[in-house]
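Observations on the three-dimensional arrangement
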Amino acid sequence: MRVRPLGIDGAWEFTPVQHGDDRGVFLEAFKADVLAETIGHRFDLAQVNTSVSAAGALRGIHFADVPPGQAKYVTCTVGAIVDVIVDIRVGSPTFGEWDAVLLDDVDRRAVYLAEGLGHGFCSLQDGSTVTYLCSTGYNPTAEHGVHPLDEELGIEWPTVGRDGAPLHYELSGKDTAAPSLAQARTAGRLPEFPARMR
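Residues numbered from 1 in each chain as written. Predicted model: local features only at pLDDT ≥ 70, side-chain atom pairs only at ≥ 80, totals over all residues. Heavy atoms only, no water.

Some points on the sheet that holds strand β1 (residues 2-5)
To keep it simple, the criterion reads: In this description, strands pair whenever DSSP reports at least two bridges between them. Helical segments are the DSSP runs of H or I of at least four residues, strand segments are the runs of E of at least two, and each set is numbered from the N terminus. Axis lines are fitted to C-alpha atoms, over the contacting stretch for helices. Their N-to-C directions set the angle, which ranges from 0 to 180 degrees. Any two residues whose heavy atoms approach within 4.5 Å are treated as being in contact.
Strand order in this open sheet of 6 strands is β1-β2-β10-β7-β12-β5, and the pairing throughout is antiparallel. Unpaired on one side and paired on the other, β1 and β5 (47-53) mark the two borders of the sheet. Neighbour-to-neighbour, the strand axes of the sheet open up by a mean angle of 20 degrees, direction not taken into account. Note: strand β7 (residues 72-78) against strand β10 (residues 110-113), 4 bridges, orientation antiparallel. Paired with Y73 across the strands is Y112, a residue of β10. Helix α1 (residues 32-39) contacts β1, β2 (11-15), β7 and β10 of the sheet and is inclined by roughly 150 degrees relative to β2.

As structure tokens, this is what we get:
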């Protein structure tokens, strides 16, 4: 498995080795020892989520209260998405910056994002299926969001799908109503950058 650090501290891309023959393909999509060596501690798996999205579905930018926060290991098993990780940690040297990775059923990459980072994605085709390994379970009172189209963030979302057709973004009511990064910061909703990492 090849590991590449992303431009946001606490986020990595994992590209598995694929073994193919006439029957299909086999790969190790998640390796606990490789992840632990990369992030410096064991990943405690508490919940596995799956979402299936139409082309143009825009999900995020989501994050959880810290502590405990929610670390995620995300992959796209069917279809394709542009996965975006945003540094929303107040005091971080890369606060407000983002990085993006194409997750699809060809290269079968995954991304890991640490607690306190924001996460979202845009589906590039109908039926894109995303699996998230989560370090903590869902807690509706501790879940928050930042508007994915916030001009201050300036995320360069894809404009065409996998088939070359224009994408028309579809957001949930919750994501449509999400505050901007500045509003979330003013309201005291954003996590702090860990002192040990400063």
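Quick notes on unusual backbone geometry
Counted only if it meets this: Relative accessible area decides the class of each residue, using a 1.4 Å probe on protein chains only: under 20% of the type maximum gives buried, over 50% gives exposed, and in between gives partly exposed.
A cis amide bond links G60 to the next residue, I61, at an omega of 10 degrees. Here I61 is to be found in strand β6 (residues 58-64). Of note, the bond from P67 into P68 is cis; its omega dihedral lies within 30 degrees of zero at -5 degrees. The topology assignment puts P68 in the loop between β6 and β7. Within the chain, R108 stands out as a residue other than glycine whose phi angle is a positive 55 degrees. Relative to the assigned elements, R108 resides in the loop between β9 (98-104) and β10. R108 gets classed as partly exposed once you look at its relative accessible area, which sits at 25%.

Observations regarding α1
Heads up, the condition is: For this quantity, the arc is that covered by the directions from the helix axis to the C-beta atoms.
Restricting attention to buried positions, one finds in α1 the residues V34, L35 and I39. An end-on view of α1 places all buried positions within 115 degrees of arc, on one side of the element. Along α1, the residues that are exposed and aim more than 90 degrees away from the buried face are D33 and E37. On the buried face of α1, the contacting elements are β1, β2, β7 and β10. Where α1 ends, the next residue or the one after it, G40, has phi of about 90 degrees, a positive value.

Looking at the environment of W12
In this fold, W12 is placed in strand β2. We classify W12 as buried; its relative accessible area is 17%. On a C-alpha basis, the gap between W12 and V111 in space is 5.6 Å, while along the polypeptide they are 99 residues apart. In this structure W12 touches V3, R4, P5, L6, T38, I39, A110, V111 and Y112, once residues within four positions along its chain are discounted.

Digging into the pairing of strand β12 (residues 128-134)
Residues in a regular strand point their side chains to alternate faces of the sheet. With 7 of 7 residues buried, β12 is to be regarded as a mostly interior element. Alternating residues of β12 divide into S128, V130, Y132 and C134 and T129, T131 and L133, and every residue in both groups is buried.

A few points about the pattern of salt bridges
The condition is simple: Salt-bridge detection follows one rule: a side-chain nitrogen of Lys or Arg within 4 Å of a carboxyl oxygen of Asp or Glu.
A full pass over the atoms with the stated rule returns 8 salt bridges. The salt bridge partner of D44 is R42, with a shortest N-O separation of 2.6 Å. Residue classification places D44 among the partly exposed positions, given a relative accessible area of 41%. Connected through shared salt-bridge partners, R4, E13, D107 and R109 make up one network.

Brief notes about the sheet that holds strand β13 (residues 143-145)
With antiparallel pairing, 5 strands are arranged side by side in an open sheet as β9-β8-β11-β6-β13. Where the open sheet ends on each side, the last strands, each with one partner, are β9 and β13. Strand after strand, the sheet turns through a mean of 25 degrees between neighbouring axes, direction not considered. Two strands pair when backbone bridges link them, and β6 and strand β11 (residues 117-123) are joined in this way by 3 bridges, in the antiparallel orientation. In the sheet register, H62 faces β11, and the bridge partner there is H119.

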